[in-house]
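# Topology and contacts: notes
Listed below, chain by chain, are the residues.
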Amino acid sequence: MSKRKGTSVNENPNKRSRSVNESENAADSDQEDPILSNLQCGAEVVSDAGIVESITLKNFMCHSLLGPFTFGSNVNFVVGNNGSKCGKSAVLTALIVALGGNAQATNRGSSLRGFVKEGESSADVSITLRNKGRDAYKPEVYGSAIILDLRITRDGLRTYKLRSKSGQLISTKKEELVSILDNFNIQVNNPVSVLTQEMSKYFLHSKGEGDKYKFFMKATQLEQMREDFIYIKTTKNLTEDKVEQHSECLKDLKRKYLEKEDRYRSLASLDEMHTKLEELQKQMAWALEKLQVDEAEKKYKQVQEQLERITQQVQELQPKCAELKTESQKRNNLLKSTNLRDLEKDKTQLMSRIKDLKLRFCQIQTELENLKHQISTLGQQIDQYQHAISRLKGIEQEVLQRSIEANRRNLQTMESSRSNRLRRFGEQMPALLNAIQESHRRGHFKHRPRGPLGYLISLKDPELALAVEVCLKGQLLAFTCDNYEDEKVLQGLMAKMFQGGRRPAIITSNFISQVHDTRKKAVSHPNYPSVLQALEIEDPVVANCLIDQKGIESILLIKNRTEARRVMQSKNPPANCIHAFSKDGDQIFTNRSYAAEQTRANYLSGDVEEEIRYMSDLELENQKGQASRFQQQMRKLDDDVKENEGLLRRAHQEQKTIKVTHRALSPSWCLSVFTEFFICFLLIQEDLSKTDQEVIKCKHHKKHYDEKRSAHLHNIQTLEGNLKSKEKEYEMSVAKAKEICLERVESRRSARSLDSEINRLKLKITSQKEQQGDREEIVRQYHEALESYKNMTQQMKNLNSFIKSLDSVMNQRLQAYAELRRFLSARCKYYFDSMLAQRGYSGSMIFDHKNETLSISVQPGQGNKADLSDMRLLSGGERSFSTVCFVLSLWAITEAPFRCLDEFDVYMDMVNRRISMDMMLKVAASQRYRQFIFLTPQNMSSLPESKIIRILRLKDPDRGQRNTQRSEDEDQ
């Protein structure tokens, strides 16, 4: 409970004091005085730490200057007449106040300002505390003494200065004084350490048993422990209530967290859709390439088959031609010997040949139909390309025209703001302000609205224009009204001015003629201004609106982005700072930062000409870029159209070639051949002489087939040229596909199916983005919700663990408290009986801790001479003596470097005063390491002579003068 070990009257102290002889009978004056013998024997033992060496008062209470008083290390008597204003009470009051006590504890005033002398602005108290020995406080800093200077102003303010032995100022903090008092175990509010008259009357001389119990509890600090336990129990109950509240909050946080998690996971599905879209686009590129390759291969196959068939036909016709020639010669030689049966055989062969020619005709007709279908398909593709070209031309021209119109409007707005800065905020703003002014003149407004807010502020540093504009955003165009009636009137005016357009925002808040006091919550930095400091705002209403809406007093402006991150994201960011902006508009928080989307200030920039030049250059660059892109797209589309037209021309050429072949093998021709053969057959039958004509006809047929062979060879060369062109088209298609994806992506799906899937995914992604909102905001909200949920869960675990630990610790401490209270009560009884026995008294001390009462019974005489009586039945002197015994017993069980008693013997007679004095001197002699200060109006001339007793005798002041009071030290 304290640092020093207690030393009783009957014990031999081993720490700093020498042995003290007990007295058999302190009241017997014929025997040798034990106090004198104890005071004179042995070497001197000096107190080392925490005692009062001196005290000086200036302008304190009614004294201009009192002191300095130099106290002895053991027993000190401050002697002076009562009611003479000699300063006894002032010394004790100054000691209490200077060592941290409150004004009520002195019973001399209700506040500190009452201790300042009338007519003076402040009062000063200087106390020197000894700082030696093993309990010294920072001896390497303060030295062997600590000087405590207290100043009390007329306003009741108390300031401290703690100095070293040499007078060097060490600290001015109250915390340092508290540390010193704790180190020395100085308790000025403890009645055992400092017992004033009022405290003595209230506790000791009170006849109530409850008051004495309270005095015991306060002296032993058990009352403070009990109050601490009650406070801890209350805190525990509040913590349990807080845990219950947090349990409900935890459910809400978990629900919010799950909602944010669902939205966050939906972002993952969005990413998957983006990935799938990219994969489909790659597949689409190579699918188109594969489609063209398949078509080319198909055509190549067809041409190759045609070529093979024609070549085969030529090869087949050559031997037939040779056979016909040979046959013609044979027939020419054998005609004469040929009979009718041979002619029948020839007829059969001719009919078979006619059938073969009809079959060949059907095949060529089928090929012609296929070519017609190909020509129709190519025509449709050309029509689609031409339609796409016209549509793209219209879209590009519309986009280009819109961009030009938007830039032209911005440029016109900037040019018009040369003469009127208000036009920067919109073409309708001048007319709107005129309408507001007219309505206010007619009394439609209770208070004239302010706005636009960006027009009513100006920058001290133009370089911060973009930063301030990004910070305030939509507030620059906003208006502010004093009440909702004015807001309705202003909305009506805006509806007339902004028909079909976006209206400025309206902020409704009571108008105040003074700017808000932001000193407590405003950010303060020696190098960088806040937004409020960077703006010049003449109207307090505008300033208050921006403070309420945007908190501009808590936002820093740091030009350099790197420096802004260093300041905001360090271990110790500026106090009260929400976030900061760089001159480029970047927003920096303590744990993250965001880049600005805006590159130039539109409303707050000071140089209008520079803005106009910038807008002109920007418009020209945009128009050039868009025109260049449009021309590139048109050239690309023209190339595609030319390629398709070439394909169409080649298809028409093939169609013409097939038609020629078709005409060559027409049914009429076949019929004519058949007729000719049949006529020849009849002629041969009729006249063998016509065989020569048949030979001529065979030669004619040979010539026809030779021409047909030449035509087929020419067709082969044409098809080979088409093949080369298709190879070039294939290479171009591969190059286009590699621009999208370098590696070939195989897909079993058709290009049309992939295109449909891509369009469906794009629509789904757009719809998902519109539903979800900003991606970064969703991610930030998810992480914040997760962090809040984890923190709350951890807090709940910590609080539950704390409550369990607190229950365990409190149970142990309550047991220790009860054991300590029992132990201190027993020691107090023991020392009280010992004190009474020195005068031959007997008594009892009964503690009732349940009802909080202390019953003291005292009877003169010992043993069975008399029954014990309550203290209320004793005389005043006997009761005062019993009270002294009670105080001395409390001294024995408590610790403090010094003890102060004010007029302890005022109710005693000479005998009891002598006995009480001897008892206290005996205790002081046994506790040489403590300091005792007794204030008394008695003369104290009968005290024994000793080096450890010092008497400070105060002179009565002259009531008519304000002379300095001095003290007279008497060393005995």
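Definitions and limits used
- Residues numbered from 1 in each chain as written.
- Predicted model: local features only at pLDDT ≥ 70, side-chain atom pairs only at ≥ 80, totals over all residues.
- Heavy atoms only, no water.
- Helix = DSSP H or I, 4+ residues; strand = E, 2+ residues; numbered from the N terminus.
- Buried < 20%, exposed > 50% of the residue type's maximum accessible area, 1.4 Å probe, protein only.
- Contact = heavy atoms within 4.5 Å.
- Expected span 1.5 Å × (residues − 1).
- Arc of directions from axis to C-beta.
- Salt bridge = Lys/Arg side-chain N within 4 Å of Asp/Glu carboxyl O.
- Pairing = 2+ DSSP bridges.
- Axes fitted to C-alpha atoms, helices over the stretch in contact; angles between N-to-C directions.
- pLDDT = per-residue confidence, 0-100.
- Patch = residues over 30% accessible without salt bridge, like charges linked within 9 Å, V, L, I, M, F, W, Y side chains within 5 Å.
- Areas by Shrake-Rupley, 256 points an atom, 1.4 Å probe, with all protein chains shown as cover.
- Lys, Arg positive; Asp, Glu negative; His and termini not counted.
- Charge placed at Lys NZ, Arg CZ, Asp CG, Glu CD.
- Core = buried A, V, L, I, M, F, W, Y, C linked by side-chain atoms within 4.5 Å.
- Polar contact = N/O pair within 3.5 Å; in protein donor to acceptor, adjacent residues only side chain to side chain.
- Phe/Tyr/Trp six-rings, centres within 6.5 Å; stacked < 30°, edge-to-face > 60°.
- Left-handed = near helix turned anticlockwise from the far one by under 90°.
- Nonpolar A, V, L, I, M, F, W, Y, C, P; charged D, E, K, R; others polar.

This part is about the overall build of the chain. What the chain contains, in helices and strands, is 22 helices and 23 strands. Out of the 972 residues in the chain, the part that is buried amounts to 43%. Contacts in the chain between residues far apart in sequence, at least 24 positions, make up 73% of those at least 6 positions apart.

This part is about helix α12 (residues 484-497). Each full turn of the α-helix corresponds to 3.6 residues, which orients residues three or four apart in the same direction. Here α12 spans 20 Å end to end across 14 residues, near enough to the 20 Å set by a 1.5 Å rise per residue. Among the residues of α12, those classed as buried are D486, E487, L490, L493 and M494. Each buried residue of α12 sits inside an arc of 125 degrees when the element is viewed along its axis, so together they form one side. Of the exposed residues in α12, the ones pointing more than 90 degrees away from its buried face are Y484, K488 and K496.

Right, let's get into the pattern of salt bridges. Applying the stated criterion across every chain, the model contains 22 salt bridges. The shortest N-O distance in the salt bridge between R442 and E438 comes to 3.0 Å. Residue class for E438 comes out partly exposed when judged on its relative accessible area of 29%. Across the pair E553 and K521 runs a salt bridge whose closest N-O atoms are separated by 3.9 Å. Of this pair, E553 sits in the loop between α14 (540-550) and β13 (555-557) while K521 sits in the loop between β11 (506-508) and α13 (531-534); the two residues are 32 residues apart in sequence, bridging distant segments of the chain. Residue K521 is classed as partly exposed on the basis of its relative accessible area of 44%. When salt bridges that share partners are traced, they join K236, E240 and D807 into one network.

Strands sit in the order β2-β1-β4-β5-β6-β7 across an open sheet of six strands; the sheet is antiparallel. Each edge of the open sheet is held by one strand with a lone partner, namely β2 (63-70) and β7 (169-171). Taken pair by pair, the neighbouring strands of this sheet meet at an average axis angle of 25 degrees, ignoring direction. Inspection of the sheet shows strand β6 (residues 158-163) paired to β7 by two bridges, in the antiparallel sense. Looking at β7, one finds that L162 is bridged to S171. Together, β1 (49-60), β2, β4 (122-131), β5 (145-153) and β6 form the strand contacts of helix α2 (residues 88-98), whose direction differs from that of β1 by roughly 110 degrees. Its contacts with the sheet place helix α5 (residues 174-184) against β1, β4, β5, β6 and β7, and it is angled at close to 65 degrees to β6.

The share of residues in the chain with pLDDT of 70 or more is 71%, and the mean pLDDT across the chain is 76. Within the chain, the lowest mean pLDDT, 40, falls on strand β23 (residues 967-971), and the highest, 96, falls on strand β10 (residues 479-481). Note on residues 1-44: pLDDT under 50 across the span, and 95 contacts to partners over four residues away in sequence or across chains. Long-range and interchain partners of residues 958-972, a stretch whose pLDDT sits below 50, account for 42 contacts in this model, where long-range means more than four residues apart.

Bringing a negative patch on the surface into the picture now. A cluster of acidic residues, D241, E244, E248 and D252, forms a negative patch at the surface. Here E244 lies in helix α8 (residues 222-334).

Another point: the sheet that holds strand β16 (residues 593-594). Overall, mixed pairing links the four strands, which are arranged β13-β14-β15-β16 in an open sheet. The open sheet is flanked by β13 and β16, the only strands paired with a single partner. Here strand β15 (residues 587-588) runs beside β16; their pairing, made up of two bridges, is antiparallel. Among the inter-strand pairings, I588 is bridged to a residue of β16, identified as S593.

So, about unusual backbone geometry. Between G451 and P452 the backbone carries a cis peptide bond, its omega angle lying at -15 degrees. Looking at where P452 falls in the secondary structure, it is placed in the loop between α10 (429-441) and β9 (457-459). We note that Q221 has phi near 65 degrees; this positive angle belongs to a residue other than glycine. Topologically, Q221 is positioned in the loop between α7 (209-219) and α8. By relative accessible area, which is 26% here, Q221 ends up partly exposed.

Next up on the list: the nonpolar core. Formed by 53 residues in total, the largest nonpolar core has its most connected members in F77, F216, F886, L890 and W891. At 10 residues, helix α21 (residues 876-893) tops the list of elements feeding residues into this core.

Another aspect to go through is the pairing of β2. With five bridges joining them, β1 and β2 adopt antiparallel strand pairing. Paired with I55 across the strands is F69, a residue of β2.

With that settled, consider the environment of N81. Positionally, N81 belongs in the loop between β3 (75-79) and α2. Looking at N81, the relative accessible area reads 42%, which means it is partly exposed. Here the alpha-carbon distance between N81 and P937, two residues 856 residues apart in the chain, equals 5.0 Å.

Structurally, the position occupied by D586 is in the loop between β14 (579-581) and β15. The exposure class assigned to D586 is buried, which follows from its relative accessible area of 8%. Within the structure, the side chain of D586 is placed 2.4 Å from the side chain of R561, a separation counted as a polar contact.

Before going further, it helps to spend a moment on the packing of aromatic side chains. Summed over the entire model, instances satisfying the criterion amount to 13 aromatic pairs. Between F215 and F886 the ring centres are 5.9 Å apart and the planes differ by 55 degrees, which places this aromatic pair in the tilted class. Of this pair, F215 sits in helix α7 while F886 sits in helix α21; the two residues are 671 residues apart in sequence, bridging distant segments of the chain. As far as the burial class goes, F215 and F886 line up, both buried. Between W891 and F932, the ring centres sit 5.3 Å apart and the planes meet at 45 degrees, which makes this aromatic pair tilted. Of this pair, W891 sits in helix α21 while F932 sits in strand β21 (residues 931-936), placing them 41 residues apart in sequence. Judged by its relative accessible area of 1%, W891 is buried. Joined through ring pairs, the aromatic side chains of F77, W891, F932 and F934 make up one cluster.

Now for the pairing of β6. Pairing analysis gives six bridges linking β5 to β6, with the strands arranged antiparallel. By the bridge assignment, I147 is partnered in β6 with R163. Once β5 ends, the chain turns through four residues before running back antiparallel as β6, passing G156 with a positive phi of about 90 degrees. Here β6 folds back onto β7 in antiparallel fashion, the turn holding five residues, of which G167 has a positive phi close to 95 degrees.

Turning to the packing of α10 against α12, a few remarks are in order. Axes are the key here: two packed helices are described by the angle between their axes and the distance separating the axes. At a minimum axis distance of 10 Å, the contact between α10 and α12 shows a crossing angle of 145 degrees. The way α10 lies across α12 gives a crossing that is right-handed. Within the contact between the two elements, α10 uses A431, L432, A435, I436 and S439 and α12 uses L490, L493, M494 and M497. Taken together, the residues of the contact of α10 with α12 sort by class into eight nonpolar, one polar and no charged.

Let us now look at α14. Of the residues making up α14, those classed as buried are V541, V542, A543, N544, C545, L546 and I547. Of the surrounding elements, those touching the buried residues of α14 are β9, α11 (465-472), β10, β11, α13 and β12 (535-537). Positive phi appears at G551, one or two residues downstream of α14, with a value of about 60 degrees.

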